[in-house]
Amino acid sequence: MGFCINGQNISELAARVESCFYSLSRDVIIMIGTNDLLQEMPNNVMKCVIIDSTIFKLMECGVHRMILLTIPPVPRLSRKYYHWSCLKEYNEHIKSLHNGEDLFVVDAYRHFVR
């Protein structure tokens, strides 16, 4: 089951997961946060409150293995300094969640920026 919805942000994904409307696979791949950057959500909310609680909820709903992807730059925001600092901080947080057991991280960002 895919949860890919154009324009969805982290809190909307969390609500969707919390509703347990859909059954989840034991293995999931997640890339989320781009729309939150576009909406200028504060970084501490993006990374700590919402992404961490969403991961916890996914594990509670039966996910056994998760791959998180870092997010690429948003072209529309590329000329704004805050975008680059928020993006770096968010992606560093995503990378810090890798535990090599049930949560793995793939650095998609590095394929877009040299």
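Preceding block: the structure.
A brief report on the enclosed structure follows.

## So, the nonpolar core
By size, the foremost hydrophobic cluster in this structure holds 24 residues, and its most contacted members are Ile30, Ile32, Leu37, Met66, Leu68 and Tyr90. In terms of residue count, the dominant contributor to this core is helix α3 (residues 43-60) (five residues). When near neighbours in sequence (up to four residues on either side) are disregarded, Ile32 contacts Gln8, Asn9, Ile10, Leu13, Ile51, Ile71 and Tyr90.

## Topic: the pattern of salt bridges
For the structure on display, the rule yields three salt bridges. In this structure, Arg65 engages Asp27 in a salt bridge whose closest nitrogen and oxygen atoms are separated by 3.2 Å. Note that Arg65 is positioned in strand β2 (residues 65-69) and Asp27 in strand β1 (residues 27-30), a separation of 38 residues in sequence. Across the pair Glu92 and Lys95 runs a salt bridge whose closest N-O atoms are separated by 3.1 Å. In this pair, Glu92 and Lys95 are both assigned in helix α4 (residues 81-96), three residues apart and thus about one turn of the helix distant. A relative accessible area of 42% places Glu92 in the partly exposed class. With relative accessibility at 33%, the residue Lys95 sits in the partly exposed group. Residues joined by salt bridges that share partners form a network here, namely Glu92, Lys95 and Asp107.

## Here we look at the pairing of strand β3 (residues 103-106)
Pairing geometry for β2 and β3, over four bridges, is parallel. Bridging from a neighbouring strand, Ile67 pairs with Phe104 of β3. Handedness of the crossover is the feature at issue here: the chain leaves β2, passes through α4, returns alongside β3, and the resulting connection is right-handed.

## A word on the environment of Ser96
As for its placement among the helices and strands, Ser96 is situated in helix α4. Overall, Ser96 belongs to the exposed group, its relative accessible area being 51%. The sequence separation of Ser96 and Phe112 amounts to 16 residues, and the corresponding C-alpha distance is 20 Å.

Procedures and definitions
- Residues numbered from 1 in each chain as written.
- Predicted model: local features only at pLDDT ≥ 70, side-chain atom pairs only at ≥ 80, totals over all residues.
- Heavy atoms only, no water.
- Core = buried A, V, L, I, M, F, W, Y, C linked by side-chain atoms within 4.5 Å.
- Buried < 20%, exposed > 50% of the residue type's maximum accessible area, 1.4 Å probe, protein only.
- Helix = DSSP H or I, 4+ residues; strand = E, 2+ residues; numbered from the N terminus.
- Contact = heavy atoms within 4.5 Å.
- Salt bridge = Lys/Arg side-chain N within 4 Å of Asp/Glu carboxyl O.
- Pairing = 2+ DSSP bridges.
- Right-handed = clockwise from strand over helix to strand, strands pointing away.

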